Structure formats: C-alpha cells, structure tokens
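The primary structure of each chain is shown beneath.
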Amino acid sequence: MADPQRKRVSEDMVTYSYLLLYIALSSGQIFFNKWVLSSKDINFPYPLGLTLLHMVFSSILCFVLTKVLKIMKVEEGMTLDIYMSSVIPIGAMFAMTLWLGNTAYLYISVSFAQMLKAIMPVAVFILGVAAGLEVMSCRMLLIMSVISFGVLVASYGEININWVGVVYQMGGVVGEALRLIFMEILVKRKGLKLNPISVMYYVSPCSALCLLIPWIFLEKPKMDEQRTWSFHPLILTLNSLCTFALNLSVFLVIQHTSALTIRVAGVVKDWVVVLLSALLFADTKLTLINLFGYAIGVAAYNNHKLKKAASPESSDESQPTQSIPLIPSTNSNN
C-alpha cells in the first residue's frame, strides 16, 4: 500500500513541478521581453527584430531536436495542400500576434496589456461564429457582454492610457484570435492533430519569413541608421532560449495534466503577471477599478471554460486548442 501511495505522491510532485515551471516561464518571459524592449542598457527597442529572432531560433532548435538529434518526433500527415491552406495562415497570424503584442510593450504597461488580452474570448467567439465554428446563443452573448464590460472598466481605471499601445495590443488580440480559428479549422475540418513541437516545427519557419519581410523595410533601416547592431548577443540568445523553453513546458504540462488543470494554471499566471508588474515596473500603477474590471472579465470567461473542461463530453473538444503552443506575445494565448 505504501508503494502505490508513494508513487502517487511522486507523480503529483512531478505534475506540480511542471505547472510551476510553466507559470514561472510564462510570466518570466513576458517580463523578460518587456525589459529587453524597454531597457536603455540593452538598447533594442525593436519588437519585429526580437520576434524574428525568436522564430529563427525556434526553427533551428526544432530542426535539431527532431531531425538531427531525433529526441522528439514530428507527427505525420502534413501535406502541401494543408500547409498552404492552413499552416501558412497560422504562421502569418502568429507573426502578427507576436509583432503587435511585443510592440505594445513600448507604449503601455505589462499589467494593462494583460488586462486588454482579457477581450480575447470575445474576438475568438465572434470570428468563430463568422467561420461557422461557434453557435450564437443567449448564454454566450451574455458571457461575452460581461467580459467586454469588464475590459472597459479596467481600461477606464487605467491612469495613463496610451492609445497607440492600445491599438497595437488589440491588433495582437485579433491576430491571436484568427490564429486560434485557423488552428481549429486545421484540427476539425482537416482532421490533423499536432502536438506543440510539431506545430512549432511547421509554423516557426513560416512565421519567421512573414516577419523578415516587414523587418527589412521597417526596422532594419532604423538599426542601420542608429548603429544598434552591437546588441547584447548573450541576452538576446537567452531570451530566445527562454521562449523555446516555455513551449517545451507547455508540451510537458499538456502531457501530464488535463485541459482543466492547464486552464487553472493559465488563470494563476495571468494574475501573477498583473500583480508582479506593479512591483517590477515603474510605468505600472494599478487601481481598484483596474483590478475590479479585470476580475469581472476573467471570472466570467474562465467560469464558463472551467465548467466546460470539467464535463466529460467536452474534454475531447478542448484538447486540440490546448495543443497550440502558447508563446507569450505580450502572450500564449498561452
């Protein structure tokens, strides 16, 4: 009896360790990106360049891990037709999400960016209805209205609103919502289910290419003019490595927990980011109105999703969404 009990305790410890790793990496990466983009010491205010670096690094590491070292396996089933019709749109929207979300950090605080991300379920639901993936109902309309009201209240409580940053962040939200919709179409209509490593293997090179073109025209001339090519390679490499480690932590969490558990972990991570940002960054000034509005939106959506994830008949539906890598664009989503 002692051995099964000890084994159970050991499994629980491993699960909690993976969850803590995911929360720490996800929260830490958001702050790391903010620091790299905002710090005068690093002198790298180039969100496009930083995001491009992440995607190139991810592409190379995925190739090494799956094709050279063969530590991980890429799932079969990808065809040219699926890649052209689904993976390329996913990669393009992923690039848009990361680019705009990181750019928002130059104008607004981490906590306010996180609060604006609470509108994500509304964007996903509206686009899902338009794509025929969701069904409009009075219940969902009420939940979406409550979320929208909560985000409005949180925005009203923001002391210093920079509307340029708000536009960038909302653009990132739309991009992420479109990415999730394309991912759902890939899973439901094309019947292809990919784990996070496979998604990164296919999507990262496409996203890198989508970011390279605007970077050449928008940021490269500025970097040439301001002679900021002498950036800190060690810090930027570490930043890219942390991004990749975050994806691996998502992979481990999905393997060892349920959709319900990772949903709860995501809620905890969101609150950790909002509260820690008030302590770490001088541009963050939280008010009670901020927190109240954010709590309304988060509570309304996550109460609905937690009930749905806990029900046996919906657990299979929620799993494909959880297989999407949640790289923090501000993000993940994740």
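Residues numbered from 1 in each chain as written. Predicted model: local features only at pLDDT ≥ 70, side-chain atom pairs only at ≥ 80, totals over all residues. Heavy atoms only, no water.

1. As for the layout of surface pockets
Note the cut-off: Think of a 1 Å grid over just the protein atoms. A cavity is a set of points where a 1.4 Å probe fits yet cannot get out, a pocket is an open set with protein on both sides within 12 Å along at least five of seven lines, and lining residues have an atom within 4 Å of a point. Grid points are joined across faces, edges and corners, and a volume is the space filled by probe spheres set on the points. In the scheme used here, Gly and all other residues not listed as nonpolar or charged are polar, with Ala, Val, Leu, Ile, Met, Phe, Trp, Tyr, Cys and Pro taken as nonpolar and Asp, Glu, Lys and Arg as charged.
Its boundaries defined by the atoms lining it, the second largest pocket holds a volume of some 190 Å³. P45, Y46, P47, L48, W99, T103, L106, Y107, Y168, L218, E219 and K222 are the residues that line the second largest pocket. Broken down by class, the residue content of the lining of the second largest pocket amounts to nine nonpolar, one polar and two charged.

2. Observations regarding the pattern of salt bridges
Stated precisely, the cut-off is as follows: Here a salt bridge means any side-chain nitrogen of Lys or Arg lying within 4 Å of a carboxyl oxygen belonging to Asp or Glu. Per the convention used, a helix needs a DSSP run of H or I reaching at least four residues, while a strand needs a run of E reaching at least two, with both numbered from the N terminus.
Using the criterion set out here, one finds two salt bridges in the structure. Residue R179 pairs with E176 through a salt bridge whose shortest N-O separation is 2.9 Å. Linking R179 with E176, this pair stays in helix α7 (residues 163–188), spanning three residues, or about one helical turn.

3. A look at helix α2 (residues 47–68)
Along an α-helix, residues three or four positions apart point the same way, because every turn accommodates 3.6 residues. Here is the rule: Multiplying 1.5 Å by the residue count of a helix minus one yields the expected span of that helix.
In this model, α2 (22 residues) spans 30 Å end to end at C-alpha, consistent with the 32 Å of a helix rising 1.5 Å per residue. Remark: K70 follows α2 within two positions and exhibits a positive phi of approximately 55°.

4. Let's talk about the packing of α2 against helix α3 (residues 80–104)
The condition that has to hold: To obtain each axis, a line is fitted to C-alpha atoms, and for helices this fit is confined to the stretch in contact; angles are then taken between N-to-C directions over 0 to 180 degrees. Relative orientations are named as follows: roughly parallel for angles under 35 degrees, roughly antiparallel for angles over 145 degrees, roughly perpendicular for angles from 65 to 115 degrees, and oblique for any other angle. In this scheme the crossing of two helices becomes right-handed for a clockwise turn of the near helix relative to the far one and left-handed for an anticlockwise turn of less than a right angle. Throughout, a contact is declared for two residues whenever any of their heavy atoms are within 4.5 Å.
Packing of α2 against α3 brings their axes to within 8 Å, and their N-to-C directions diverge by 135°. The angle between the axes of α2 and α3 places the two elements in the oblique class. At the point where α2 passes α3, the crossing takes the right-handed sense. In this structure, α2 uses P47, L48, T51 and M55 to contact α3, whose residues at the interface are F94, L98, W99, N102 and T103. Taken together, the residues that form the contact of α2 with α3 break down as six nonpolar, three polar and no charged.

5. Concerning a nonpolar patch on the surface
Threshold: Exposure above 30% relative accessible area and the absence of a salt bridge qualify a residue for a patch, where like charges join within 9 Å and nonpolar side chains (Val, Leu, Ile, Met, Phe, Trp, Tyr) within 5 Å. Per-residue and other accessible areas were derived by the Shrake-Rupley procedure at a 1.4 Å probe size, with only the shown protein chains allowed to occlude residues.
Taken together, the side chains of L209, L212, I213, I216, F217 and L218 present a nonpolar region at the surface, about 580 Å² in accessible area. Inspection of the secondary structure assignment puts I213 in helix α8 (residues 196–218).

6. What to know about the environment of V174
Note the threshold: Only protein chains enter the accessibility calculation, which uses a 1.4 Å probe; a residue whose area is less than 20% of its type maximum is buried, one above 50% is exposed, and one in between is partly exposed.
Looking at the element boundaries, V174 is found in helix α7. For V174, a relative accessible area of 39% translates into the label partly exposed. Sequence separation between V174 and L100 is 74 residues; the distance between their C-alpha atoms is 10.0 Å.

7. Focus: the environment of K34
Take K34: it is sitting in helix α1 (residues 2–38). A residue is classified by how much of its surface remains accessible, and K34, at 4% relative accessible area, is buried.

8. Some details on the confidence of the model for the protein
Do not read the predicted coordinates in detail wherever pLDDT is low. Filter applied, for reference: Scored from 0 to 100, pLDDT reflects the predictor's confidence in each residue.
Predicted confidence across the protein gives a mean pLDDT of 76, with 71% of residues reaching 70 or more. The secondary structure element of the protein with the lowest average pLDDT is helix α13 (residues 312–322), at 41, and the one with the highest is α2, at 92.

9. Some words on the state of the cysteines
Here, the word disulfide means a covalent bond between the sulfur atoms of two cysteines. This is how the line gets drawn: The disulfide criterion used throughout: a pair of cysteine sulfur atoms within 2.5 Å.
Tallied over the full model, the rule gives zero disulfides. Of the cysteine sulfurs around C206, a residue in no disulfide, the closest is that of C210, at 4.3 Å.

10. Thoughts on the nonpolar core
Selection criterion: Side-chain atoms within 4.5 Å are what join buried Ala, Val, Leu, Ile, Met, Phe, Trp, Tyr and Cys residues into a set we call a nonpolar core.
Core analysis: the largest hydrophobic core is formed by 41 residues, its most contacted members being V36, F44, M78, L186 and L194. At the level of elements, α1, α2, α3, α4 (110–116), α7 and α8 are the ones that each hand at least two residues to this core. With seven residues, α3 is the single largest residue contributor to this core. Core analysis: the next-biggest nonpolar cluster, separate from the first, contains 16 residues, V122, M140, L180 and I185 among them.

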